[in-house]
Amino acid sequence: MTPGLKKIVLLAILAVVVFLANARSVVEWLDQAGVIVWAQHVRSEYVTGTAITVILAMLFLLGGPPIIARCARIFRRCPVCGQKSLSEGRYCGACGRRSPHG
Ligand SMILES: [Zn+2]
């Protein structure tokens, strides 16, 4: 873990602690601003179960979001030696076989 990453993690933890300490104030402020009522209206009108199903089906049929495809590629195994491949290279690092999907 690099020092820059440590600073980011520390700042994130501080932000979460400050947010949690003031969560009640934030919720009351959002309620007074009418954001919660608006969000409930949007959820009940537009984010129905059917809409979520259609969105997920479209994401699946269109190949899925890039992050899911990337994760699926990262956690593949070599078909010859069974070694888990963590790199995105086209060849297995253990046995040298060319990946059929790469
Ligand atoms: Zn291999």
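The sections below set out a description of the structure shown in this document. (Residues numbered from 1 in each chain as written. Predicted model: local features only at pLDDT ≥ 70, side-chain atom pairs only at ≥ 80, totals over all residues.)

Topic: the overall build of the protein chain
Within the protein chain, the regular secondary structure consists of 5 helices and 0 strands. Reading the protein chain from its N terminus to its C terminus gives the helix and strand order α-α-α-α-α. A buried classification covers 1% of the 102 residues belonging to the protein chain. Sequence separation of 24 or more characterises 3% of the internal contacts of the protein chain that already satisfy a separation of 6 or more. (Helix = DSSP H or I, 4+ residues; strand = E, 2+ residues; numbered from the N terminus. Buried ≥ 20, exposed ≤ 12 C-beta atoms within 10 Å, placed from the backbone. Contact = placed C-beta atoms within 7 Å.)

Topic: helix H2 (residues 23-33)
Within H2, only 0 of the 11 residues are buried, leaving the element largely exposed. Just past H2, the residue Gly34 takes up positive phi, approximately 85°.

Here we look at helix H4 (residues 49-61)
For H4, spanning 13 residues, the distance from its first C-alpha to its last is 18 Å, which sits close to the expected 18 Å at 1.5 Å a residue. Counting buried positions along H4 yields 0 of 13 residues, so the element is predominantly exposed. (Expected span 1.5 Å × (residues − 1).)

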